[in-house]
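Breakdown of the fold
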Amino acid sequence: MKLHEYQSKLVLSKYNVPIPQGRVVSTANEARQFAKELGGYVVIKAQVLVGGRGKAGGIKIAKNVEDAEKIATQILAMEIKGLTVKKVLVETAAIIEQEIYLGITNDRTQKKPVLMASAEGGVDIEEVAAKTPDKIVKVYIDPLLGLQPYQARNIAAGIYLPRENWQEFGMITKGLWDAYKGSDATLAEINPLVITKSKHLIALDGKMVIDNNALFRLPELAEMRDTDEEAPSETRARKYGLSFIKLDGNIGCMVNGAGLAMTCMDVIKHFGGEPANFLDIGGGADADKVAAAMRIILSDKNVKAVLYNIFGGITRCDEVARGILAAMEDVKPKVPMVVRLVGTNAEQGRALLSNANMITADTLAGAAEKVVAAAKVSTKGTEKVGASQ
Amino acid sequence: MSILIDKNTRLVVQGITGKEGLFHTSQMIDYGTNVIAGVTPGKGGDWVLNGKVPVFDSVKIAVEATEANTSIIFVPARFAAEAMLEASDAGIELIICITEGVPVQDMMRVRNYLDQRKVRLIGPNCPGLLTPGQAKVGIIPGNIAIPGNVGVVSRSGTLTYEVLNAMKNLKMGASTCVGIGGDPISGTNFVDVLNMFEHDPQTEKVIMIGEIGGSDEENAAEFISSNMTKPVAGFIAGLTAPRGKRMGHAGAIIEGGAGTAADKIKALEAAGVKVAKHPEEIPTLLN
């Protein structure tokens, strides 16, 4: 789960990381009022969960109160990479001497958190990592011991940080580590951390990604989820405990198991089709969950055919069949559907669906071929209807 | 021969009185697995499954009473990290964690702790192990695989079932099937298992099933080209997965353009691995 900049900064500041004075607002009038409190010279930043806000014009400096209102009006009317800007962060604008990158993330290969810093902050760190990896200094943190002060000093020396800032830097790295650990983050990043004209360090940006699997013990962070930032179908799916990702194709798919769900997308593509979604109903799904999944798939108007591929283990094929039948009663799908049931109670499942007017298949490859063909026929059908209107 | 488990495995089930634990314990016993104990704190002294399996309050007590050497974990995600540490401290040598949804920072602590000791962890978020005809320690349906000489290792669950099923349809059997799990930090990776298969006399060929995210498959490719004499065929799921989205498994995510299926397929093919276009094709590549 990604946090907004203002949320990340709130978390970081709880762990003693200095941040500019600021407030998040949703109207230009509020922006004006708060800019006045801060003395007029402020930065206004769009709060959307995508990178590249600056390049898109979502971050601007206002020289006075009028300017602040005008800029807030502009930014609040923007859409950045498909996301509507609903909130802006109004902050004191800092006078910057140098921009630094500082971040902690999980290193899968080392199985440890890694603290990274670069004297060239403020830019896309992945680009720096790809083009000039020597400009990034790294230290691996023992997850059982935590970040040690000497590790922060080694990083400070590695990025040639002026010695007068080392103490502050030590406090900030410790704060970042504590925030990362205390929030079960998979990423905690300050980019840029700046040295101001008055020679102090301050976090001008903050980015945190929280481990979804840890939200059960982080109720305060769990409440910060911004569902405006995901497709409504994904929000609905999450409520039912379904793992769902909307894609751009026209073949819906319902599968049990994440690896198999991805594979079904790949096999559809291999046979010339385009998947409309990733959907894993999980292990042991009951009829209600299956019905919910089916409604979500069919609510996508692009969907011209649906593939059901269930390999019963813990999941029982008859239970899945019951879910499909239940959903068919109220959704009344008009698109062709291909079903393949294998494993636990597959025969009972097939028997239940024998009158449901579905195309059946024995193999995964066969099922994919059939659904791709069905989608093509179904798409042509719609085009004809469209032409005659 | 086989790897990791066989008919001599002495299994303790952590979380045996839960719904999942009880169901799969009964399935494992039906398959012939030597389940000798269960653990649920507070339920020591009970017996489950019509008196077949004694329940103990802790793994330590279970090990002392039964000399269990392998543990399987079915406890909820929030207790899973502790369960792994408990098993390790009780002297268990092989831990299989089925539980899905263990926080990744918990797993980093567990992994770094276990690495200092002589213990192997499989999973978490995995379907476990199956040595056809001998033992099943996990949730892989027993009837979809037959004994044979093909070692199978996979990051996925049901996708593996598809492959085992396709193998069985071709009368191709498995030596051992290892589900290493779909989490970003886990106990055992492809290289570990490939190494075991390379040294297992029963295993003559290997199937590996990977997916997007991380660099385990690339490391496996390097290992295969420099250390393996046995032929390997494979499949990588996620060619159509969008970047930056977590595809169900916590570890299945393309981050910063790294961990794509295309890169993994390229690395494996360069190492001489035959990579299938769809799962049912994999066994045919070994004929």
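Residues numbered from 1 in each chain as written. Chains lettered and ligands numbered in written order. Predicted model: local features only at pLDDT ≥ 70, side-chain atom pairs only at ≥ 80, totals over all residues. Heavy atoms only, no water.

Comments concerning the overall build of chain B
Within chain B one finds 8 helices and 14 strands. On C-alpha atoms alone, chain B measures out to a radius of gyration of 18 Å, which is about the 19 Å that the 2.2 N^0.38 rule sets for 287 residues. In terms of overall dimensions, chain B has a C-alpha envelope of 55 × 40 × 30 Å along the principal axes. Total accessible area on chain B is roughly 10,300 Å²; 49% of this is exposed by carbon and sulfur atoms. (Helix = DSSP H or I, 4+ residues; strand = E, 2+ residues; numbered from the N terminus. Rg over C-alpha atoms; globule rule 2.2 N^0.38 Å. Areas by Shrake-Rupley, 256 points an atom, 1.4 Å probe, with all protein chains shown as cover.)

A closer look at the overall build of chain A
If you tally the helices and strands in chain A, you get 13 helices and 18 strands. Principal-axis analysis of the C-alpha atoms places the extent of chain A at approximately 75 × 55 × 40 Å. For chain A, the proportion of its 389 residues judged to be buried stands at 54%. Counting only contacts in chain A whose residues sit at least 6 apart along the sequence, the fraction spanning at least 24 positions is 68%. Entry remark: accessible area of chain A is about 17,600 Å², with carbon and sulfur atoms responsible for 51%. Distance between charge centroids for chain A: 2 Å, based on 49 positive and 46 negative side chains. (Buried < 20%, exposed > 50% of the residue type's maximum accessible area, 1.4 Å probe, protein only. Contact = heavy atoms within 4.5 Å. Lys, Arg positive; Asp, Glu negative; His and termini not counted. Charge placed at Lys NZ, Arg CZ, Asp CG, Glu CD.)

Here we look at the interface of chain B and chain A
In this complex, chain B contributes 55 residues to the contact, which on the side of chain A involves 47 residues. For the pair chain B and chain A, the summed buried area comes to about 4,100 Å², and 61% of that belongs to carbon and sulfur atoms. The tally of links between chain B and chain A comes to 5 salt bridges. In this structure, the salt-bridge partner of R108 of chain A is E255 of chain B, at a minimum N-O distance of 4.0 Å. Counting across the chain B and chain A interface gives 15 residue pairs in polar contact (both at pLDDT 80 or more). Every element with two or more residues in the side of chain B that touches chain A is listed here: α4 (104-114), α5 (158-169) and β13 (232-237) of chain B. The leading source of residues in the side of chain B that touches chain A is α4 of chain B, at 8 residues. Among the residues making up the side of chain B that touches chain A, the classes are represented as 24 nonpolar, 19 polar and 12 charged. (Buried area = accessible area lost by both parts, 1.4 Å probe. Salt bridge = Lys/Arg side-chain N within 4 Å of Asp/Glu carboxyl O. Polar contact = N/O pair within 3.5 Å; in protein donor to acceptor, adjacent residues only side chain to side chain. Nonpolar A, V, L, I, M, F, W, Y, C, P; charged D, E, K, R; others polar.)

A look at the environment of A188 of chain A
Residue and element names in this part refer to chain A. Within the secondary structure layout, A188 lies in strand β10 (residues 185-196). Among the residues examined, A188 registers a relative accessible area of 0% and is labelled buried. The sequence separation of A188 and L176 amounts to 12 residues, and the corresponding C-alpha distance is 6.9 Å. The contacts of A188, once residues within four sequence positions are left out, are L102, G103, I104, L176, Y180, K207 and M208.

Structural notes on empty space enclosed by the protein
On inspection of all chains with the given rule, the structure shows 1 cavity of 30 Å³ or more. For the largest cavity, the calculated volume is near 30 Å³. (1 Å grid on protein atoms, 1.4 Å probe; cavity = no way out; pocket = protein on both sides within 12 Å on 5 of 7 lines; lining within 4 Å. Points joined across faces, edges and corners; volume = space filled by probe spheres on them.)

Some points on the sheet that holds strand β1 (residues 22-25) of chain A
All names here are of chain A. In space, the 4 strands of this open sheet follow the order β1-β6-β2-β3, with antiparallel pairing throughout. Pairing within the sheet leaves two strands with one partner each, and these edge strands are β1 and β3 (59-62). Here the strands of the sheet are splayed against their neighbours by 20° on average, with no regard to which way each runs. Pairing of strand β2 (residues 42-46) with strand β6 (residues 88-92) involves 5 bridges; the strand directions are antiparallel. When the bridges of β6 are listed, V42 appears paired with T92. Relative to the sheet, helix α3 (residues 65-76) contacts β2, β3 and β6, its axis offset from that of β3 by approximately 165°. (Pairing = 2+ DSSP bridges. Axes fitted to C-alpha atoms, helices over the stretch in contact; angles between N-to-C directions.)

A short note on the packing of helix α10 (residues 287-298) of chain A against helix α11 (residues 317-331) of chain A
Residue and element names in this part refer to chain A. The interhelical angle for the contact between α10 and α11, taken along N-to-C directions, is 45°, at an axis separation of 7 Å. The angle between α10 and α11 falls in the class oblique. The chirality of how α10 crosses α11 is right-handed. Between α10 and α11, the residues in contact are A287, V290, A291, M294, R295 and L298 and E319, V320, R322, G323, I324, A326, A327, M328, D330 and V331, respectively. When the residues that make up the contact of α10 with α11 are grouped by side-chain class, the tally is 11 nonpolar, 1 polar and 4 charged. (Parallel < 35°, antiparallel > 145°, perpendicular 65-115°, else oblique. Left-handed = near helix turned anticlockwise from the far one by under 90°.)

Focus on the confidence of the model for chain A
Of all residues in chain A, 98% attain a pLDDT of 70 or more, and the chain-wide mean is 92. Confidence over residues 384-389 of chain A falls short of pLDDT 50; this stretch has 0 contacts with residues more than four positions distant or in other chains. (pLDDT = per-residue confidence, 0-100.)

Considering helix α8 (residues 261-270) of chain B
Residues and elements named next belong to chain B. Residues A261, K264, I265 and L268 constitute the buried set of α8. Here the buried residues of α8 occupy an arc of 100° about the axis, which is enough to place them on one side. For α8, exposure combined with an orientation more than 90 degrees from the buried face picks out K266 and A270. Buried residues belonging to α8 abut β12 (205-211), α7 (216-227), β13 and β14 (274-275). With its phi angle positive at about 90°, G272 sits one or two positions after the end of α8. (Arc of directions from axis to C-beta.)

Section: the pattern of salt bridges
Pairing of side chains with opposite charge becomes possible as their charged atoms draw close. Going through the model one piece at a time under the given rule, you end up with 34 salt bridges over all chains. The shortest N-O distance in the salt bridge between R316 of chain A and E319 of chain A comes to 3.8 Å. Residue classification places E319 of chain A among the buried residues on the basis of a relative accessible area of 18%. Notably, a salt bridge pairs E217 of chain B with K264 of chain B, separated by 2.7 Å at the nearest N-O pair. Linking E217 of chain B in helix α7 with K264 of chain B in helix α8, this pair joins segments that are 47 residues apart in sequence. Residue E217 of chain B shares its accessibility class with K264 of chain B, and that shared class is buried. Each of E5, K9, K45, R53, E91 and D205 of chain A takes part in salt bridges that share partners, so that together they form one network.

Points about the layout of surface pockets
Roughly 510 Å³ of volume is contained in the second largest pocket. In terms of lining, the second largest pocket is formed by 24 residues, of which the most central are G313, I314, R316 and T344 of chain A together with F23 of chain B. Tallying contributions element by element places helix α1 (residues 19-31) of chain B first for the lining of the second largest pocket, with 7 residues. When the residues that make up the lining of the second largest pocket are grouped by side-chain class, the tally is 7 nonpolar, 10 polar and 7 charged.

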